[in-house]
Amino acid sequence: MFFELAALAYLVDMVFGEFPCKHPVVLMGDFINAFERRFYSDRILPGALLVVGLMALTLLISATLVYLCGFLHAWLSLIILAIFASTGLAMNMLHESVAALLTAKQPRQALSYLVSRDTEAMTETEIYKAGLETWAENLSDGVIAPLFYLLLFGLPGIAVYKAINTMDSMIAYKTERYFYFGKTAAIADDIANYIPARLTALLIVALAKDKKRAWQFLWQDGNKLDSPNAGYPIAAMAGALGVALGGDASYHGRIKHKPTLGMPANPVDKAALTQALQMKTGINLVVLGLLAAGVLLS
């Protein structure tokens, strides 16, 4: 287990956030776009080759970096690897991006950078609902899942996970263009997020003021979405806040009918989103506490 590496990487992300250089995820996106331009066909095989190719390339580069750092002093190696690993963690960026909805002059435009759904005609309630769902789901994708794989496999673990997650965000859509081409990426992401999504949901329950209600709706509604993972943190967040999330939304010009998660005891408004974002402090304390315990016991 890589507790020291994970703890330092988490602290680096907390203190510095994103570094002013081309992010590894952007480089992964460039690779995906280049592959798609050259080899796209809406069939499973080319999409599967993209998944295998990017995962293999990411594994090779990250493993080479670990190997080269092995020639350095242990502490210098740890610092360098932690800096690279921190680029796979997105707590600060996620929090700032969602919190921007509270102050943005054009919240629909701000939201369009975060979600794949159509935002042009959204009401204020729909904007805050999408913000809450983004915050809950991406606590798993952007924080807990990469940390989980960093702890298990070190830098190659978090790097390969980010490759899978990036492919999912770019090509894993049930549209005419990507239905087959993105299918392997979608399956890989579902598998990779299966455990982290449920750990994230449990963390949300642990931090909820009304833990009984949060657990109730996690258990009752967590499996209602088409995604095998996204519903769990969203349902837990809905129960924690006493709001109703989910429901119909427009994607690529088409209405997608989705079930409701939670119950409308409280309105989905600025106060609800603010309350959800305030969980950041508790999450940081729990995560750092667990990592510190791991360092001491390992």
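Refer to the structure printed above.
Quick caveat, the model's predicted, so the values are computed rather than measured.

Novice: Tell me about the overall build of the protein chain, and name the residues and values.
Specialist: For the protein chain, the helix and strand inventory stands at 13 helices and 4 strands. What you see for the protein chain is a C-alpha radius of gyration of 19 Å, in line with the 19 Å of a compact globule of 298 residues. By principal-axis analysis of the C-alpha atoms, the protein chain measures approximately 60 × 50 × 35 Å. Burial status across the protein chain gives 49% buried among its 298 residues. Here the contacts in the protein chain between residues at least 6 apart in sequence split such that 72% fall between residues at least 24 apart.

Novice: Break down the nonpolar core for me, citing the residues and quoting the values.
Specialist: The biggest cluster of nonpolar side chains holds 64 residues, and the ones touching the most others in it are Y10, W135, L139, M237 and L291. The greatest single-element share of this core, amounting to 12 residues, is contributed by helix α7 (residues 124-153). Counting residues in each nonpolar core, the second largest holds 12 residues, with F35, V51, M167 and F181 among its members.

Novice: Tell me about the packing of aromatic side chains, and please be specific about residues and values.
Specialist: Evaluation of the coordinates by the stated rule reveals 10 aromatic pairs. With centroids separated by 5.3 Å and ring planes inclined at 90 degrees, the aromatic side chains of Y67 and F71 adopt a geometry described as edge-to-face. Comparing Y67 with F71 shows no difference in burial state: the two are exposed. Here the aromatic rings of F179 and Y180 are separated by 4.9 Å at their centres, their planes lie at 80 degrees, and the arrangement is edge-to-face. The class for F179 is partly exposed, based on a relative accessible area of 35%. For Y180, a relative accessible area of 39% corresponds to the partly exposed category.

Novice: Can you tell me about a nonpolar patch on the surface, naming the residues and giving the values?
Specialist: Taken together, the side chains of Y194, I195, L199, L202, W215 and W219 make up a nonpolar region of the molecular surface, amounting to roughly 680 Å² of accessible area. Mapped onto the nonpolar patch, the elements with two or more residues apiece are α9 (183-207) and α10 (211-221). Broken down by element, the nonpolar patch gets its largest block of residues, 4 residues, from α9. Locating W219 in the fold gives a position in helix α10.

Novice: Tell me what's going on with the environment of V268, and back it up with residues and numbers.
Specialist: Its place among the elements puts V268 in the loop between β4 (260-262) and α12 (270-277). In this structure, the C-alpha to C-alpha distance between V268 and T125, residues 143 residues apart in sequence, is 5.8 Å. The residues touching V268, leaving out its near neighbours within four places in the chain, are T125, Y128, K129, L132, V243 and A244.

Novice: Can you tell me about helix α11 (residues 231-241), naming the residues and giving the values?
Specialist: Burial runs high along α11: 11 of the 11 residues are buried. The set of residues buried in α11 consists of G231, Y232, P233, I234, A235, A236, M237, A238, G239, A240 and L241. With its phi angle positive at about 70 degrees, G242 sits one or two positions after the end of α11.

Cut-offs and rules
- All residue numbers refer to position in the chain's written sequence, counted from 1.
- Only residues with pLDDT of at least 70 are given local features in this predicted model, and only at 80 or more are side-chain atom pairs given and counted; all residues enter the totals for whole chains, interfaces and linings.
- Each side-chain value is derived from all of the structure's non-hydrogen atoms; neither hydrogens nor water enter the calculation.
- In DSSP terms, a helix is any run of H or I states spanning at least four residues, a strand is any run of E spanning at least two, and both are numbered starting from the N terminus.
- Put simply, the radius of gyration uses C-alpha atoms, and a globule should come to 2.2 Å times the residue count raised to 0.38.
- Accessible area is worked out with a 1.4 Å probe on protein chains only. A residue is then buried under 20% of its type maximum, exposed over 50%, and partly exposed in between.
- Whether two residues are in contact is decided by their heavy atoms, any of which lying within 4.5 Å being enough.
- Buried Ala, Val, Leu, Ile, Met, Phe, Trp, Tyr and Cys residues form a nonpolar core when they are joined through side-chain atoms within 4.5 Å.
- Centre distance within 6.5 Å is the pairing criterion for rings of Phe, Tyr and Trp, where only the six-membered ring of Trp is used; planes under 30 degrees apart are then read as stacked, over 60 as edge-to-face, and the remainder as tilted.
- Exposure above 30% relative accessible area and the absence of a salt bridge qualify a residue for a patch, where like charges join within 9 Å and nonpolar side chains (Val, Leu, Ile, Met, Phe, Trp, Tyr) within 5 Å.
- Here, Shrake-Rupley sampling with a 1.4 Å probe gives the accessible areas, and only protein chains in the shown set may cover a residue.
- Here, a salt bridge means any side-chain nitrogen of Lys or Arg that lies within 4 Å of a carboxyl oxygen of Asp or Glu.

Interpretation note: all reported values are geometric properties and have no functional meaning in isolation.
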